[in-house]
Structure formats: structure tokens, C-alpha cells
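# Descriptive structure summary
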Amino acid sequence: MTLVSTAVRATHLVTNAAWFGGSLMGAVGLNPAARRPDTQRERVEVSGTGWERWGPVQGASIGLHLLSGMAILADNSNRVVAHRPTTVAVLAKTALTGAAVASTAAAYVYGERLGKASGEDGHPTDPEAADRARRKLAWLQWTTPTLTGSLLVLDAQLGEQQRGAAGLLDRPW
């Protein structure tokens, strides 16, 4: 394994970890903390500010994750074509990655809609649109960490496919 290959794989894993960790922190920490202010508008502003600050990091992580994934796929194209378990795992990873990008984009869109519909001084300009966006975000906040966490599991499986049996954990109990 070359230094370039190691750097590309590390980038792929670290960017997925950032994507997973940031979305999980949002669901577990930021969004519940944003419920503490007194008015609905303040709640939207707190949550919106946090996500706006995280957005560029998340966007860069997603972009680098996709680029490094394509580089890994190109590097391992022969194995992906010839080894059926790898083919299946790569197809599953591609589908999960697409779903994670879609859920991240959807959360961004619904967050924007919520912000616009929330109006000023806690008086929503469009209460129905705000409620719809809030309901969508309630489940979308868990979709992205679930999907990106699944990608981490598939990365572990793909790594295990590349090594032979060796070590304490490979022994039958």
C-alpha cells in the first residue's frame, strides 16, 4: 500500500466520520439545545446558526468523501469486478451514500423552509409550512447519522475482506 493510497483511504474514513459525527451531534445536542429559548423564532435562530456554521465543514467533508470514494473505487476496480462480496458491498455503499447525500440535502432544504416560514418575533409567516418543515426535520435529523453510520460499518467489512485471518478476534470461540 502506497502513501497516496493510505492518504486517500484515511481521507475517506475521516470525512465520513465528520459527516456522521456532525449529523449525530446535531440530532443529539444542537437540536435539543435549540428548544430551550423562549420563542419559536429564537429556537429557529439558534438551530439555524449552529447548522450554518457546520454547513461548510459538512459540505467539504461530503465532497472529499465522494472524491476519495471514487479514487478508491478506481484503485480497486479489478477486485470490485472479480470478487462478488466486494461487488455487493460496493453497490450497497453506493446506494447508502446516495441516500445519505439526499437526506443531508433534504435536511438543508427543510431547514431553510423552516427558517423562512418562522417569520420574526416568534410569529410564523406561514405556520403550516413551518409545521411541515419541523415534522420532516424531526425524522431527517436521524436519517443522515443512520446512513453514514452504516457506511462506516460497510467500510469495516470491506477492510476485513482485504486481510487474511490473523489475530485473537479471528479465532472460533
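As shown above, the structure is provided for reference.
A quick note: this is a predicted structure, and the numbers were derived from the prediction, not measured.

Basis of the calculations
- Residue numbers here run from 1 along each chain, matching the order of that chain's written sequence.
- The model is predicted, so local features are restricted to residues of pLDDT at least 70 and side-chain atom pairs to those at 80 or more, both for listing and for counting; the totals for chains, interfaces and linings are taken over all residues.
- Water and hydrogen atoms play no part in the side-chain values, which are based on all heavy atoms of the structure.
- In DSSP terms, a helix is any run of H or I states spanning at least four residues, a strand is any run of E spanning at least two, and both are numbered starting from the N terminus.
- The atom set for the radius of gyration is the C-alpha atoms, and the globule formula is 2.2 Å times the number of residues raised to the power 0.38.
- Note on classification: 1.4 Å probe, protein chains only; a residue is buried when its accessible area is under 20% of the maximum for its type, exposed when over 50%, partly exposed between these limits.
- Contact definition: two residues touch when any of their heavy atoms are within 4.5 Å.
- Note on areas: Shrake-Rupley, 1.4 Å probe, and residue coverage restricted to the protein chains presented here.
- Charge convention: Lys and Arg are scored as positive, Asp and Glu as negative, and His as well as the terminal groups of each chain are ignored.
- By convention, the point assigned to a charge is CZ for Arg, NZ for Lys, CD for Glu and CG for Asp.
- All axes are obtained by fitting lines to C-alpha atoms, using only the stretch in contact for helices, and the reported angles, taken between N-to-C directions, cover 0 to 180 degrees.
- Roughly parallel here means an angle under 35 degrees, roughly antiparallel means over 145, roughly perpendicular means 65 to 115, and every remaining angle is called oblique.
- For any helix crossing, the convention is left-handed if the near helix is rotated counterclockwise from the far helix by under a right angle, and right-handed if that rotation is clockwise.
- In this classification, the charged set is Asp, Glu, Lys and Arg, the nonpolar set is Ala, Val, Leu, Ile, Met, Phe, Trp, Tyr, Cys and Pro, and all remaining amino acids, among them Gly, are polar.
- Think of a patch as exposed residues, more than 30% relative accessible area, with no salt bridge, where like charges cluster within 9 Å and nonpolar side chains (Val, Leu, Ile, Met, Phe, Trp, Tyr) cluster within 5 Å.
- The rule for a salt bridge is simple: a side-chain nitrogen of Lys or Arg has to be within 4 Å of a carboxyl oxygen of Asp or Glu.
- Grid points spaced at 1 Å over the protein atoms alone were grouped into cavities, where a 1.4 Å probe fits but cannot get out, and pockets, open sets with protein on both sides within 12 Å along at least five of seven lines, with lining residues defined by an atom within 4 Å of a point.
- Grid points are joined across faces, edges and corners, and a volume is the space filled by probe spheres set on the points.
- What makes a nonpolar core is a set of buried Ala, Val, Leu, Ile, Met, Phe, Trp, Tyr and Cys residues whose side-chain atoms join them at distances within 4.5 Å.

This part takes up the overall build of the protein. Of regular secondary structure, the protein possesses five helices and zero strands. Counting from the amino terminus, the protein carries its helices and strands in the arrangement α-α-α-α-α. For 173 residues, the compact-globule estimate of 2.2 N^0.38 gives 16 Å, and the C-alpha radius of gyration of the protein, at 20 Å, exceeds that figure by more than 25%. Referenced to the eigenvectors of the C-alpha coordinate spread, the extents of the protein come out at roughly 60 × 35 × 25 Å. Looking at the protein residue by residue over its 173 residues, the buried ones come to 30%. Partitioning the intrachain contacts of the protein with sequence separation of at least 6 by distance along the chain shows that 74% fall at a separation of at least 24. With an accessible surface of roughly 10600 Å², the protein has 65% of that area assigned to carbon and sulfur atoms. Counting 17 positive and 14 negative side-chain charges, the protein places the averaged centre of each group 8 Å from the other.

Before going further, it helps to spend a moment on the packing of helix 2 (residues 40-75) against helix 4 (residues 84-118). Interhelical geometry of helix 2 versus helix 4 gives an angle of 155 degrees and a closest axis separation of 11 Å. If you check the angle between helix 2 and helix 4, you find them roughly antiparallel. In this structure, helix 2 meets helix 4 at a crossing whose hand is left-handed. Residue-level contacts link Arg-41, Val-44, Gln-58, Ile-62, Leu-66 and Leu-73 of helix 2 to Val-90, Thr-97, Val-101, Thr-104, Leu-114, Gly-115 and Ser-118 of helix 4. By residue class, the composition of the contact of helix 2 with helix 4 is seven nonpolar, five polar and one charged.

This next bit is on a positive patch on the surface. Taken together, the side chains of Arg-113, Arg-132, Arg-135 and Lys-136 present a region of like positive charge at the surface. Sorting elements by how many residues they give to the positive patch places helix 5 (residues 127-161) first, with three residues. You can see Arg-132 is positioned in helix 5. With a relative accessible area of 44%, Arg-132 lands in the partly exposed category.

Further remarks concern the layout of surface pockets. Approximately 1000 Å³ is the volume attributed to the largest pocket. As for the largest pocket, its lining consists of 32 residues, and the residues nearest its centre are Asn-31, Ser-47, Trp-51, Gly-111 and Leu-137. Considering each element in turn, the lining of the largest pocket owes the most residues, 13 residues, to helix 2. Considered class by class, the residues forming the lining of the largest pocket number 12 nonpolar, 13 polar and seven charged. Computed from the structure, the second largest pocket encloses a volume of approximately 550 Å³. Taken together, 22 residues make up the lining of the second largest pocket; nearest its centre are His-12, Gly-69, Ile-72, Lys-93 and Asp-155. If you list the elements that add at least two residues to the lining of the second largest pocket, you get helix 1 (3-33), helix 2, helix 3 (77-82), helix 4 and helix 5. Considering only residue class, the lining of the second largest pocket consists of eight nonpolar, 10 polar and four charged.

This brings us to the nonpolar core. If you look at the biggest cluster of nonpolar residues, it comprises eight residues: Val-44, Tyr-110, Leu-114, Ala-117, Ala-129, Ala-130, Ala-133 and Leu-140. Among the secondary structure elements, those contributing two or more residues to this core are helix 4 and helix 5. The biggest single contributor to this core is helix 5, with four residues. Setting aside residues up to four positions removed in sequence, Leu-114 forms contacts with Val-44, Ala-130, Ala-133, Arg-134 and Leu-137.

Here Gly-50 lies in helix 2. Distance from Gly-50 to Ala-138, taken between C-alpha atoms, is 16 Å for residues 88 residues apart in sequence.

The next thing to look at is a nonpolar patch on the surface. On the surface, Leu-24, Val-28 and Trp-142 cluster together into a nonpolar patch covering about 270 Å² of accessible area. Along the chain, Leu-24 falls in helix 1. Taking the relative accessible area as the measure of exposure, Leu-24 reaches 30% and is therefore partly exposed.

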